[in-house]
Every structure is written in structure tokens, then in C-alpha cells.
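An overview of the molecular structure
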Amino acid sequence: MINWTILLAVEEVAEKGGLFDINATLPLMAIQFLILAFVLDKIFYKPLGKAIDSRADYIRDNQIKAQEGLAKTKKLAEQYEQDLAETRKKSQAIITEAQAEAQKIVAEKVAKAQQEAQAKREQAAQEIEEQKQAALQQLEEQVDSLSHQILEKLLGPELVR
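Everything numeric here is computed off the predicted structure, so don't read it as measured data.

1. A short note on the overall build of the protein chain
The secondary structure content of the protein chain amounts to three helices and zero strands. In the protein chain, the succession of α and β elements from N to C terminus is α-α-α. Counting every position in the protein chain, which comprises 161 residues, the buried fraction comes to 1%.

2. A look at a nonpolar patch on the surface
A contiguous nonpolar surface patch, about 1100 Å² in accessible area, is contributed by I31, I35, L36, F38, V39, L40, I43, F44, Y45, L48 and I52. Examined against the element boundaries, L40 turns out to sit in helix α2 (residues 25-155). On the basis of relative accessible area, L40 is assigned to the partly exposed category, the value being 31%.

3. Let's talk about α2
Here α2 contains 131 residues, and its C-alpha end-to-end distance of 184 Å stays within 8% of the 195 Å for a straight helix at 1.5 Å per residue. At D41, α2 shows its maximal kink, close to 45 degrees. Looking one or two residues past α2, G156 carries a phi angle of roughly 105 degrees, positive in sign.

4. Re the pattern of salt bridges
Summed over the entire model, instances satisfying the criterion amount to two salt bridges. Among the salt bridges present, the one from D57 reaches R60, with a minimum N-O distance of 2.7 Å. Of this pair, D57 and R60 both sit in helix α2, separated by three residues, roughly a single helical turn. Owing to a relative accessible area of 37%, D57 belongs among the partly exposed residues under this scheme. Residue E86 pairs with K90 through a salt bridge whose shortest N-O separation is 3.4 Å. Here E86 and its partner K90 are both found in helix α2, four residues apart, which amounts to about one turn of the helix. What makes E86 partly exposed here is its relative accessible area of 43%.

5. So, the confidence of the model for the protein chain
Confidence in the prediction for the protein chain averages 85 pLDDT; 84% of positions are at 70 or higher. Across the protein chain, the secondary-structure element scoring lowest on mean pLDDT is helix α1 (residues 2-16), at 57, and the one scoring highest is α2, at 91.

Parameters at a glance
- Residues numbered from 1 in each chain as written.
- Predicted model: local features only at pLDDT ≥ 70, side-chain atom pairs only at ≥ 80, totals over all residues.
- Heavy atoms only, no water.
- Helix = DSSP H or I, 4+ residues; strand = E, 2+ residues; numbered from the N terminus.
- Buried < 20%, exposed > 50% of the residue type's maximum accessible area, 1.4 Å probe, protein only.
- Patch = residues over 30% accessible without salt bridge, like charges linked within 9 Å, V, L, I, M, F, W, Y side chains within 5 Å.
- Areas by Shrake-Rupley, 256 points an atom, 1.4 Å probe, with all protein chains shown as cover.
- Salt bridge = Lys/Arg side-chain N within 4 Å of Asp/Glu carboxyl O.
- Expected span 1.5 Å × (residues − 1).
- Bend = angle between axes of the 7 residues up to and from the residue.
- pLDDT = per-residue confidence, 0-100.

If you want it as C-alpha cells, here you go:
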């Protein structure tokens, strides 16, 4: 029964002129729509558009600043890396130079120590040679003295002189 009621109401509307009945209401609704669109444009859409545009400009400016900062940071990082590499090279050169100088000093001290040892060895050899010569001289004197004593005992003191 409810379905029949809806169908009857639709048929009554259709008999009166239908869904799109053109009368004075249509132009009035069009004018109201245009006034509403104009008011919404002035009150809502333009301020909102300005806010959106200013926000977009703000974001764009910050993005440009961030890109510039990033480029500057990358440039500084590259410069620091170059400086670090250069400093490492210089420090390596200083270390190499210090090692060479230390080796030179060690070589000089070793050579000096070897010269001193050679000089002491030669001096010791010379002293030993001198002592040897002195000992041989004493031995010769003692041999001469002993041989003279032996001859005196064997031959007598008168014949030996």
C-alpha cells in the first residue's frame, strides 16, 4: 500500500508540469546562486586563495633557502675533506722526514760508536803490542841474565866475562 501511495504522488507531480516546471522561481534561483557565488568568492575563496598562495610562497622560499644551505654545506664538506686530505699528506711527509732524520742520527751515532770502538780496539791492540814488546824485552833480559848465570855456574865466573 505504501508503494501505491508513492506512485500516486509521483503521478500527481507529473500531471502538474513535471519535475522541470519553468516559472518565476527559476530566474530567482539563478540570481540567488550568482549572489551566493559572488559572496563566497569575496568572503571565502579569495582570502583562502591568498592564504594558500602566501603559504606556497613561504614554502617555496624555505625550499630555496634549504637548497642553498644544502649546497653551501656540501661545498664546505668538500673543502673540509680537501683540507683534511692535504693535512694528512703534510703530516705523512713530516713523519717520513722525521723517520729519515732519526735514521740518519742513528746511523751517525752507530758510525761514531763504531769509530770509537775501532779506536779503542786499536789503542788496546797497541797497548797489548807495547806490553808484549815490554814482556819480550824483559824475557830477553831474563834469558840473558839466566844464560849468563848458567854459564857462570858451568864455566865459572872468571871465564864468562
